[in-house]
Amino acid sequence: GAAAAATVVHASATGAQGAVAAQVESGWKKIQLSVNGKAVTVNVEPRTTLLEVLRYQLDLTGAKPVSLDGSSGASTVMIDGKPRVASTTLAISCRKKEIETVESLGGENPDAVPQAFVDNDALQCGFCTAGFVVAVRAFLNKNPGASEEEIRAGLNGNICRCGTYVGIIDAAISVAKGGK
C-alpha cells in the first residue's frame with residue numbers, strides 16, 4: 001500500500017565554512033498555503049503535488065491532471081505571479097508563496113482573459129482551457145502589449161489537442177490590444 005515513505009531533502013548553509021547539512025522531511029504534515037488570496041491549511045506528504053492539493057483538498061478543479069509530467073500545461077497556475085505546472089510542483093515547496101488558480105480569474109466580474117476566450121471561441125473540450133487562461137494572464141501581466149509572435153512564443157508550453165489555437169491566440173491578442 002501507501003506505507004512507503006517519501007522524503008524531501010532540504011539543504012541549508014551552516015557554520016562559518018558554509019557546510020551543507022541535510023534535513024530529511026517525511027510523513028504527513030499540516031502546512032499553510034496562500035491560494036487565491038486566502039490562507040488555507042492542508043495535509044501533505046513531501047511527495048504531494050500542488051495539483052493534488054488544489055483538486056482533492058481545496059476542491060479547485062480548474063487545473064487538470066492531463067499529463068503528470070506537465071507537458072500539456074493543463075495544470076498551469078501562477079506561483080508568485082509566474083506560470084508553473086501544478087502537476088510537477090510539490091505542495092510543500094509552495095509555503096510562503098502566493099498561488100493563483102484559474103478560479104481567481106472568474107466570478108461576477110471575470111478577468112478579461114476568460115471573457116476573451118468566450119468571445120473568441122477559444123475552447124472546445126475544455127481540458128486545456130484553464131491552463132491556457134492562466135498562462136495567457138501570466139504572460140500578458142509581464143508583456144501587456146505583446147505581439148502575436150510574442151504571444152505564440154510565450155504560450156509554447158501549453159498544448160490543445162482539439163486545435164483551438166487560432167481562437168486562443170485571437171483571445172490573447174484581443175486582451176493585449178484592449179489593455180485589460
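Please read these numbers as outputs of a predicted model, since none were measured by experiment.

Before going further, it helps to spend a moment on helix 1 (residues 50-57). Inspection of helix 1 places Leu50, Leu51, Val53, Leu54 and Arg55 among the buried residues, and these make up the whole buried set. Looking at the buried positions of helix 1, the neighbouring elements they touch are strand 3 (29-35), strand 4 (38-44), strand 5 (76-79) and strand 7 (98-100). Positioned one or two residues after helix 1, aspartate 59 has a phi angle of 55 degrees, which is positive.

The next subject is the packing of aromatic side chains. One pass over the structure, following the stated rule, counts 1 aromatic pair. An angle of 80 degrees between the planes, with centres 6.2 Å apart, marks the rings of phenylalanine 132 and tyrosine 165 as edge-to-face. Here phenylalanine 132 is found in helix 3 (residues 129-142), whereas its partner tyrosine 165 is found in helix 5 (residues 165-178), with 33 residues between them in sequence. Exposure remark for phenylalanine 132: the relative accessible area of 1% places this residue in the buried category.

Locating serine 72 in the fold gives a position in the loop between helix 1 and strand 5. Filtering out sequence-adjacent residues up to four positions away, serine 72 remains in contact with Val66, Ser67, Gly157, Asn158, Ile159 and Arg161.

Attention now moves to the sheet that holds strand 5. In a beta sheet, neighbouring strands are held together by backbone hydrogen bonds and run either parallel or antiparallel to one another. Taken in spatial order, the 5 strands line up as 4-3-7-5-6 in an open sheet, and their pairing is mixed. On the outer flanks of this sheet lie strand 4 and strand 6 (82-85), each paired with one strand and no other. On average, each strand axis in the sheet is tilted by 45 degrees relative to the strand beside it, whichever way the strands run. With 4 bridges joining them, strand 5 and strand 6 adopt antiparallel strand pairing. Bridging from a neighbouring strand, threonine 76 pairs with valine 85 of strand 6. Contacting strand 3, strand 4, strand 5 and strand 7, helix 1 crosses the sheet at an angle of about 105 degrees to strand 4. Its contacts with the sheet place helix 3 against strand 5 and strand 6, and it is angled at close to 35 degrees to strand 5.

Scoring rules and cut-offs
- Residues numbered from 1 in each chain as written.
- Predicted model: local features only at pLDDT ≥ 70, side-chain atom pairs only at ≥ 80, totals over all residues.
- Heavy atoms only, no water.
- Buried < 20%, exposed > 50% of the residue type's maximum accessible area, 1.4 Å probe, protein only.
- Helix = DSSP H or I, 4+ residues; strand = E, 2+ residues; numbered from the N terminus.
- Contact = heavy atoms within 4.5 Å.
- Phe/Tyr/Trp six-rings, centres within 6.5 Å; stacked < 30°, edge-to-face > 60°.
- Pairing = 2+ DSSP bridges.
- Axes fitted to C-alpha atoms, helices over the stretch in contact; angles between N-to-C directions.

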